[in-house]
Amino acid sequence: MKNGLQNKWLQGIFYVLVFFLLREWLLPVMELTKTNYLSIFLAFIALCFVFSFFSVPWWLSGPGKLLYMSWVIIFVYTGEVFFTKDAISFLFGDAMINVFALISGDWAVVTDTFRTVLFFALLWMTTYLIHHWITVRLNIFLFFFMTVIFIAALDTFSPYQGVESIPRVMILGLLLSGLLKVAQILEQNHISASRGNYASLIIPLIVVVAFSGSLGYLLPKAGPVWVDPVPFIQSFAEGAGTAPGRSGGIGKIGYGEDDSVLGGGFRSDSTVVFEATVQTPQYWKIETKDTYTSKGWEQSVMSDGTTVFNPGDVFDSGIAPGPVEDQDVAQYSFNLEYPFLMYPYGSVAAEATVETTFALEKNSQKINTFQGNDLVELKQYSISFSEPKFSLTDLRATTIESLAEVTPEFDRYLQLPEELPERVRELSQSITENQTNLYDKARAIERYFSQNGFLYDQSNISIPEANQDYVDQFLFDTKRGYCDNFSTSMVVMLRSLDIPARWVKGFAEGEEIENNNGDRVYEVTNNNAHSWVEAYFPGVGWMPFEPTIGFSGTGNIDYDLELDSTEEPEEAVVPEQPKKPQPTEIEDNKSISERFTETMQNFMGWISNNRGRIILWSIFAIGLLVVLFRIRQKWMPKLLVPYYRLRKDDWNSFENSYHRLLKQLALYGVARREGQTLQSYANYVDGFFDSKDMRMLTIAYEKGFYGRNIEAHEWLKLRESWENLINKTSG
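The shown structure was predicted, so the numbers you read here are calculated from the model rather than taken from an experiment.

Asks: Help me understand helix H12 (residues 438-448), please; the structure alone is not making it clear to me.
Replies: Structural remark: α-helix, 3.6 residues per turn; residues separated by three or four positions point the same way. For H12, the tally of buried residues reaches nine of 11 residues, placing the bulk of the element in the interior. Within H12, burial applies to Leu 438, Tyr 439, Asp 440, Lys 441, Ala 442, Ala 444, Ile 445, Glu 446 and Tyr 448. N-capping of H12 is provided by Asn 437, with a side-chain oxygen placed 3.2 Å from the backbone N of Tyr 439.

Listed below in structure tokens is the structure:
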């Protein structure tokens, strides 16, 4: 690289590869910090590399970078696009605040803009260091190694999923290290890094990296040799028994109190939270939230009333329990302790140590546990309950007109942000337009997700942009998510129909690990953290719904299915529907995204079933390509002759064919020496092949190129001479 400008094309290739390698550093930083300005920082990195590539002096590149950083500060923190008077005033005032904070040592006063400047400075220094590694040391292995360690550590110990990032880093790093090593060899041996010399060395490298990368991706993967070290390490950390949470909406799976920002992927965590001994599987409710902010959930009021009761006292959880004769007892044993109860639907009374008291918050239905005036984390307790029963007749009697009976205290369960996109309301209307009662409308929305191409996924989940609604993104853009996406969307859609609804958090039933004479033991882990929906129907009360694909929480609730005489004929008509047209109608009604999803699933299934054949054919194809490339001087003339015969006989075609002939002669071994004139080279070629064709072609080329005589030529004779030489190079 010390050769300077003659190797600029090589330096440009290195900068492009390093740019994508640096992008792998920024991706987890942006995701974990919930920053939505990845493109702005990538543009700064590109700007630094452009200045380095063109060797812009520091007195120009420095102010240029500072100008860009100032514009970013203005754009991000003020919304201004240009350097207006207000924007410049903001920059100056903010700079003064940070200068005084640094001088006085009052670090709490330092603003976010200064932290952004520090991050830009870090990127600035990183790009300068990389420029030094590339242009002087010709070795990037240390940066490549640090990148692998960085991504692997985040993948192991943070919510960031590096499943796709690690292969990209390996391929980019191996290519970059190999290409720099080739450049280093050429530099040490004082060989000109021409495209031909360099290509002859890097093509085998590219083939090996591509082959090994493809092989590693397609081969079946063995399971982990060691168990996940994170729970083991956490068990020794101070406070390991405290409740894990998502802390901002993206990250660790488990129960967390902060749901203000939803979105992003989850890392699986099989840490056991508790074991429950109970006859039937239950959803374990913790709390509800009422305010949707377009990005997540908050509670409108911290407390609007608390009911305190003691162990053994009957309490009202907000949903009427079922018959007394169906009462059961759930006994809990906790590994991770919480200062509140996890209770099943239809809870009646809780039993714990004598000194314990319970406080039920009316606004959130959360039941906190106290001993004296202090919150306490209980290791064991039990709850008596009877699963609720709902009358289908009463549910279907809940008409739209009955919503007028809803009192003002339910207004917070109808709240929606003003900026909610109108198409969300329109979709809710279209889904429920054929339903005449509130219950069937809610059921139609609950079933909508499983029938319209939505996918359950915990990993590849998008985070809404700053101006994007969480529900709107899920319903219309991604159609991919986990319980938070499905449950939040259903609550919002119900509220858009004026049906009171609230968002519920807790745990799903867990996995049955033991059965002792009907008393089943369910193991509940952080992976079972879940959210669902409760809707309110006048005259009936609150009722749970489960919109998430793959879950069936409400299926455990007993319904009164006594149908009246007007509904029975409708049930009887269903079997008489013709069967053959149904698949066609379903197929015709499938959306483009659903068809695309099915096609991709079929394609991936085919790849999985034919993995061995694909590998063998890939090896054969790569080997064939290598052989063909090595003997290209033999078969390429067979393609060049018919190709140029089809082109028009004019100067442009002749000029292109002449340059193509020079390359073909070089491949054949009759290369033009550096500094050799065309006439001298033509005499050498004609002497080598014992012909006069090359001199004729060269004379015509020089007349056209230097004398601008591009018309008075015998194109047919020139083409014959060109073909003679091309055919001789294939011998």
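Asks: Where do I start with the packing of aromatic side chains in this structure?
Replies: For any pair of aromatic rings, the description consists of the separation of the ring centres together with the inter-plane angle of the planes. In this structure the tally under the stated criterion is 60 aromatic pairs. A ring pair is formed by Trp 71 and Phe 75, whose centres lie 5.2 Å apart and whose planes are at 10°; its orientation type is stacked. Of the two residues, Trp 71 and Phe 75 both sit in helix H3 (residues 58-78), four residues apart, roughly one turn of that helix. Since its relative accessible area comes to 31%, Phe 75 is described here as partly exposed. When the centroid spacing of 5.7 Å and the interplanar angle of 5° are considered together, the rings of Trp 297 and Trp 503 count as stacked. One end of the pair, Trp 297, is in strand E6 (residues 297-298); the other, Trp 503, is in strand E17 (residues 501-507), and 206 residues separate them in sequence. Of the residues examined, Trp 297 reaches a relative accessible area of 1% and is grouped as buried. One Lys or Arg, Arg 502, reaches over the ring of Trp 542 and ends 3.8 Å from the middle of that ring.

Asks: Which parts of the structure should I look at to understand the sheet that holds strand E20 (residues 529-537)?
Replies: Neighbouring strands of a sheet are bound in pairs by backbone hydrogen bonds; such pairs are parallel or else antiparallel. Reading across the sheet, the four strands line up as E4-E17-E20-E21 and stay open at both edges, with antiparallel pairing between neighbours. If you trace the sheet from one side to the other, it starts and ends with strand E4 (284-289) and strand E21 (541-545), each paired once. Neighbour-to-neighbour, the strand axes of this sheet turn through a mean angle of 35°, independent of strand direction. Where E17 and E20 come together, seven bridges link them in antiparallel fashion. Bridge pairing links Trp 503 to Val 533 in E20. Strand contacts of H12: E20 and E21, with the helix running at about 20° to E21, the strand carrying the most contacts.

Asks: Before we go on, may I ask you to explain unusual backbone geometry in this structure?
Replies: Note: most residues except glycine have negative phi, and most peptide bonds are trans. Positive phi values are uncommon outside glycine, yet Ser 294 reaches one of about 85°. For Ser 294, the position within the fold is in the loop between strand E5 (291-292) and E6. Ser 294 gets classed as buried once you look at its relative accessible area, which sits at 7%. One non-glycine residue, Asp 498, lies in the positive phi region at around 70°. If you trace the backbone, Asp 498 turns up in the loop between helix H14 (483-496) and E17.

Asks: Is there a simple way to explain helix H23 (residues 715-728) in this structure?
Replies: Compared with an ideal rise of 1.5 Å per residue, which puts 14 residues at 20 Å, H23 spans 20 Å between its outermost C-alpha atoms and is within 8% of the ideal. Of the positions making up H23, those classed as buried are Trp 715, Leu 718, Ser 721, Trp 722, Glu 723, Leu 725 and Ile 726.

Asks: Sorry, what's going on with the nonpolar core here?
Replies: Nonpolar side chains tend to gather and get buried jointly when the protein is soluble and globular. Judged by nonpolar contacts, the single largest core of 50 residues is most densely connected at Ile 445, Phe 449, Leu 475, Met 493, Leu 494, Phe 537 and Phe 545. Broken down by secondary-structure element, the contributors of at least two residues to this core are helix H10 (392-395), helix H11 (422-432), H12, helix H13 (470-478), H14, E17, E20 and E21. Excluding its chain neighbours within four sequence positions, the residues that come into contact with Ile 445 are Ile 431, Thr 432, Met 490, Met 493, Leu 494 and Leu 497. Counting 40 residues, the second largest nonpolar core, distinct from the first, contains Phe 14, Ile 40, Val 72 and Leu 180.

Asks: Whenever I open this one, the environment of Leu 219 confuses me. Can you help?
Replies: Looking at where Leu 219 falls in the secondary structure, it is placed in the loop between helix H8 (195-218) and helix H9 (229-236). Look at Leu 219 and you get partly exposed, because its relative accessible area is 37%. The spatial distance from the C-alpha of Leu 219 to the C-alpha of Gly 612 is 8.2 Å, given a sequence separation of 393 residues.

Asks: I would appreciate a short explanation of the pairing of strand E9 (residues 347-351) in the present structure.
Replies: Consecutive side chains along a regular strand alternate between the two faces of the sheet. Most of E9 sits out of view: four of its five residues are buried. The pairing of E9 with strand E13 (residues 380-385) spans four bridges and is classified as antiparallel. Within E13, the residue paired with Glu 351 across the bridge is Ser 382.

Asks: Just checking my understanding: could you explain the side chain of Thr 698 for this structure?
Replies: Within the fold, Thr 698 resides in helix H22 (residues 693-705). Here the side chain of Thr 698 touches Tyr 658 through a polar contact of 3.0 Å, side chain to side chain. Residue contacts for Thr 698: discarding those within four places in its chain leaves Tyr 658, Leu 678, Gln 679 and Ala 682.

Asks: Is there a simple way to think about the sheet that holds strand E10 (residues 356-361) in this case?
Replies: Spatially, the four strands line up as an open sheet ordered E7-E10-E11-E12, and their pairing is antiparallel. The outermost strands of the open sheet, each flanked by one partner alone, are strand E7 (306-309) and strand E12 (374-375). Note that strand E11 (residues 367-371) and E12 share two bridges and pair antiparallel. Counted as the bridge partner of Phe 370 is Leu 375 from E12.

Asks: Looking at this model, I keep getting lost on the packing of helix H1 (residues 8-32) against helix H6 (residues 141-157). Mind explaining?
Replies: Close contact between H1 and H6 brings their axes to 10 Å; oriented N to C, the two are set at 25°. Considered as vectors, H1 and H6 are oriented roughly parallel to each other. For the pair H1 and H6, the sense of crossing is left-handed. Seen from H1, the contacting residues are Leu 21, Leu 22, Glu 24, Trp 25, Pro 28, Val 29 and Leu 32; seen from H6, they are Phe 143, Met 146, Thr 147, Phe 150, Ile 151 and Leu 154. Each residue belonging to the contact of H1 with H6 can be placed in one class, and the counts come to 11 nonpolar, one polar and one charged.

Asks: Honestly, a nonpolar patch on the surface in this entry has me stumped. Any pointers?
Replies: Where nonpolar side chains cluster on the molecular surface, the patch consists of Trp 617, Phe 620, Leu 624, Leu 625, Val 627, Leu 628, Ile 631, Trp 635 and Leu 639 and spans about 890 Å² of accessible area. Listed by contribution, the elements that provide at least two residues to the nonpolar patch are helix H18 (611-630) and helix H19 (632-645). Among the elements that make up the nonpolar patch, the one with the highest residue count is H18 (six residues). Positionally, Leu 639 belongs in helix H19.

Asks: Got a minute to help me understand the pattern of salt bridges in this structure?
Replies: Note that side chains of opposite charge can pair when their charged atoms are close. Throughout the structure, instances matching the rule amount to 20 salt bridges. The closest approach of N and O atoms between Arg 425 and Glu 422, which form a salt bridge, is 4.0 Å. A residue pair is termed a helical-turn pair when its members lie 3 or 4 positions apart in one helix, as Arg 425 and Glu 422 do in helix H11 at three residues. A relative accessible area of 26% means that Arg 425 is categorised as partly exposed. We note a salt bridge from Glu 446 to Arg 443, for which the minimum N-O separation is 2.4 Å.

Asks: How do you make sense of the environment of Tyr 644 when you look at a structure like this?
Replies: Turning to its location among the elements, Tyr 644 is positioned in helix H19. Placed 75 residues apart in sequence, Tyr 644 and Arg 719 show a C-alpha to C-alpha distance of 8.7 Å. The contacts of Tyr 644, once residues within four sequence positions are left out, are Ser 653, Asn 656, Ser 657, Arg 660 and Trp 722.

So, how was this worked out
- Residues numbered from 1 in each chain as written.
- Predicted model: local features only at pLDDT ≥ 70, side-chain atom pairs only at ≥ 80, totals over all residues.
- Heavy atoms only, no water.
- Buried < 20%, exposed > 50% of the residue type's maximum accessible area, 1.4 Å probe, protein only.
- Helix = DSSP H or I, 4+ residues; strand = E, 2+ residues; numbered from the N terminus.
- Polar contact = N/O pair within 3.5 Å; in protein donor to acceptor, adjacent residues only side chain to side chain.
- Phe/Tyr/Trp six-rings, centres within 6.5 Å; stacked < 30°, edge-to-face > 60°.
- Lys NZ or Arg CZ within 6 Å of the ring centre and 35° of its normal.
- Pairing = 2+ DSSP bridges.
- Axes fitted to C-alpha atoms, helices over the stretch in contact; angles between N-to-C directions.
- Contact = heavy atoms within 4.5 Å.
- Expected span 1.5 Å × (residues − 1).
- Core = buried A, V, L, I, M, F, W, Y, C linked by side-chain atoms within 4.5 Å.
- Parallel < 35°, antiparallel > 145°, perpendicular 65-115°, else oblique.
- Left-handed = near helix turned anticlockwise from the far one by under 90°.
- Nonpolar A, V, L, I, M, F, W, Y, C, P; charged D, E, K, R; others polar.
- Patch = residues over 30% accessible without salt bridge, like charges linked within 9 Å, V, L, I, M, F, W, Y side chains within 5 Å.
- Areas by Shrake-Rupley, 256 points an atom, 1.4 Å probe, with all protein chains shown as cover.
- Salt bridge = Lys/Arg side-chain N within 4 Å of Asp/Glu carboxyl O.

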